[in-house]
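A structural walkthrough
Each chain is listed here by its residues.
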Amino acid sequence: MSTASSQTRLRIKHLLKFLRAYSPDGKETDEEWSSRESMGATVGDVITIFKPTAKLANPTDAFELEVEGICLVFGEDADLPMNYFITDTAYEMSFLEGTLSAKAAEAKEKGLSLYCLRSTLLASVGMQTKSKLGQMRKLGGSGERKSPAGGLSDPLCQFFSALTIKFDPLMETDPLSVINLAVALWGDDKQKSEAKGPELDASFMPVEEENGGVDIDLSAVPVEPAIPAETSSEGSNGANGSAAAAGAAKMAAAEKDAGEVWDMLSSSKPKLSEIKEESDLKS
């Protein structure tokens, strides 16, 4: 079974509360945005970065974004988070701030916006785990995922191994695509069922954007008009009433669909503050 994917886009209409955005017309410069975002990251975080796109403003925009790559935060240097940025074929080590700054600058040059999502580990990262993650430096500054430096395995496999996350051994020789990793972390139920990736719901949780994410009213998504009832026993008023009722039902269904996966994520996983509190009590 191949771990590659013909998909490149992630459905995001259920993820608006989590979307982190840099926009050239915003209050922050690309340097300020990347510095703030990187300082909030911790070892073990996974950041999904999308290709620069036009600013999301309308309900019809909020359906899919194309995944460019994934940041694996494996350690710190001078108290600053370090990451391996992986694409389907390659990897590159850098300060997380440097990676985000470069991507934001690229979007700025094109007059586009940059969007990303951050996942964090449910469990705390101890010193032994940090030491194992630190061994990823042996991969060097950059390389090809199928043939890493020093005969080592794919960076994602090393990352998962250090965190004791189970994965398909095939990933050692056939690296998991970044879209399949993004779907495993963020996909809705339908997209997860269609993708080939590890089960990560028990290992990671989504981190909500501090300002509420991207503000788009999905209730305004156009709904196809209802087909009038074919019966004539109720007369024209009855047919119009049936069509209106059907239209209202479709609108309610659209609103429910827009929030059902967010409800699943927020209800099925504990809040980060609860996890930290429990960890403090145990220690």
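Every value quoted in this text rests on a predicted model; they were computed, and no experiment measured them.

Once that is clear, we can look at the confidence of the model for the protein chain. On average, residues of the protein chain score 80 in pLDDT, and 72% of them reach the 70 mark or higher. At the level of individual helices and strands, the protein chain shows its lowest average pLDDT in helix α8 (residues 272-282), which scores 46, and its highest in strand β5 (residues 80-86), which scores 98. Taken as a whole, residues 264-269 scores under 50 in pLDDT and shows eight contacts with residues more than four places along the chain or in a different chain. Note on residues 271-283: pLDDT under 50 across the span, and seven contacts to partners over four residues away in sequence or across chains.

Before going further, it helps to examine the pattern of salt bridges. This structure, assessed with the given rule, holds 17 salt bridges. Its salt-bridge partner being Arg 118, residue Asp 45 comes within 2.9 Å of it at the nearest N-O pair. Here Asp 45 is found in the loop between α1 (30-39) and β3 (46-50), whereas its partner Arg 118 is found in strand β7 (residues 114-121), with 73 residues between them in sequence. Look at Asp 45 and you get buried, because its relative accessible area is 0%. With relative accessibility at 11%, the residue Arg 118 sits in the buried group. Note that Lys 110 and Glu 106 form a salt bridge whose closest N and O atoms lie 3.3 Å from each other. Assessed through its relative accessible area of 52%, Lys 110 is described here as exposed.

Once that is clear, we can look at the side chain of Ser 101. By secondary structure assignment, the location of Ser 101 is in helix α2 (residues 96-109). Residues contacting Ser 101, with those up to four places away along its chain left out, are Asp 30, Glu 31 and Ser 34.

Turning to the environment of Asp 188, a few remarks are in order. Structurally, the position occupied by Asp 188 is in the loop between α5 (178-186) and α6 (189-194). Residue classification places Asp 188 among the buried residues on the basis of a relative accessible area of 12%. When the C-alpha atoms of Asp 188 and Lys 13 are compared, they prove to be 9.6 Å apart, with 175 residues separating the residues in sequence.

A few words on the pairing of β5. β5 sits mainly inside the fold: six of its seven residues count as buried. With five bridges joining them, β5 and strand β6 (residues 90-95) adopt antiparallel strand pairing. Residue pairing in the sheet places Met 82 in a bridge with Phe 95 of β6. Between β5 and β6, which pair antiparallel in sequence order, lie three residues.

Moving on: α2. The end-to-end C-alpha separation of α2 is 20 Å, in line with the 20 Å expected for 14 residues at 1.5 Å each. All of the buried residues along α2 are Leu 96, Thr 99, Leu 100, Ser 101, Lys 103, Ala 104 and Ala 107.

Turning our attention to the environment of Val 214. Mapping Val 214 onto the fold places it in the loop between β9 (204-206) and α7 (235-268). Taking relative accessible area as the criterion, Val 214 reaches 13% and is therefore assigned buried. Sequence-distant contacts of Val 214, defined by excluding residues within four places in its chain, comprise Leu 16, Leu 19, Leu 56 and Tyr 115.

To continue, consider the packing of aromatic side chains. For any two aromatic rings, the description comes down to two numbers: the centre-to-centre distance and the angle of the planes. Taken as a whole, this structure holds six aromatic pairs when the rule is applied. Pairing Tyr 84 with Tyr 91 gives two aromatic rings, centres 5.7 Å apart and planes at 75°, and the pair type is edge-to-face. Residues Tyr 84 and Tyr 91 agree in their burial class; the two are buried. Here Phe 159 and Phe 160 contribute two aromatic rings whose centre-to-centre distance is 6.4 Å and whose plane-to-plane angle is 45°, an arrangement assigned as tilted.

A few words on the nonpolar core. Side chains of nonpolar character tend, in soluble globular proteins, to be buried together. Among the nonpolar cores identified, the biggest contains 47 residues, and Leu 10, Leu 19, Phe 50, Phe 159, Phe 160, Leu 181 and Phe 204 are the most heavily contacted of them. Where this core is concerned, the elements lending two or more residues are β3, β4 (64-77), β5, β7, α4 (155-162) and α5. Here this core gets eight residues from one element, more than from any other, and that element is α5. Formed by 14 residues, the second largest nonpolar core is a distinct cluster that contains Tyr 22, Leu 96, Ala 107 and Leu 114.

Each regular strand shows side chains that alternate between the opposite faces of the sheet. Within β7, eight of the eight residues are buried, leaving the element largely enclosed by the surrounding structure. Residue alternation in β7 divides its side chains into two sets, Leu 114, Cys 116, Arg 118 and Thr 120 and Tyr 115, Leu 117, Ser 119 and Leu 121, and both sets are buried. When strand β2 (residues 20-22) meets β7, the two strands line up antiparallel, connected through three bridges. In the sheet register, Tyr 22 faces β7, and the bridge partner there is Leu 114. Pairing of β3 with β7, which is carried by four bridges, proceeds in the antiparallel orientation. Residue pairing for β7: Ile 49 is matched across the bridge by Cys 116. Pairing geometry for β7 and β9, over three bridges, is antiparallel. Each residue of the ladder has a partner; that of Thr 120, found in β9, is Met 205.

Conventions we followed
Each residue is numbered by its place in its chain's sequence as written, counting from 1. Where local features are concerned, this predicted model is filtered to residues with pLDDT of at least 70; where side-chain atom pairs are given and counted, the filter is 80 or more; whole-chain, interface and lining totals use all residues. The basis for every side-chain value is the complete set of heavy atoms in the structure, and neither hydrogens nor water enter the calculation. You can read pLDDT as the predictor saying how much it trusts each residue, on a scale of 0 to 100. In DSSP terms, a helix is any run of H or I states spanning at least four residues, a strand is any run of E spanning at least two, and both are numbered starting from the N terminus. By definition in these notes, contact holds between two residues if any of their heavy atoms fall within 4.5 Å. Put simply, a salt bridge is a Lys or Arg side-chain nitrogen that is within 4 Å of an Asp or Glu carboxyl oxygen. Summary of the burial criterion: residues with accessible area below 20% of their type's maximum are buried, those above 50% are exposed, and those between are partly exposed, where the area comes from a 1.4 Å probe applied to protein chains only. In this analysis, strands are considered paired if DSSP registers two or more bridges between them. A helix is expected to reach a length of 1.5 Å times the quantity of its residues less one. Centres within 6.5 Å are what make two rings of Phe, Tyr or Trp a pair, Trp counting through its six-membered ring; a difference in plane orientation under 30 degrees is then read as stacked, over 60 as edge-to-face, and the rest as tilted. We call a set of buried Ala, Val, Leu, Ile, Met, Phe, Trp, Tyr and Cys residues a nonpolar core when their side-chain atoms join them within 4.5 Å.

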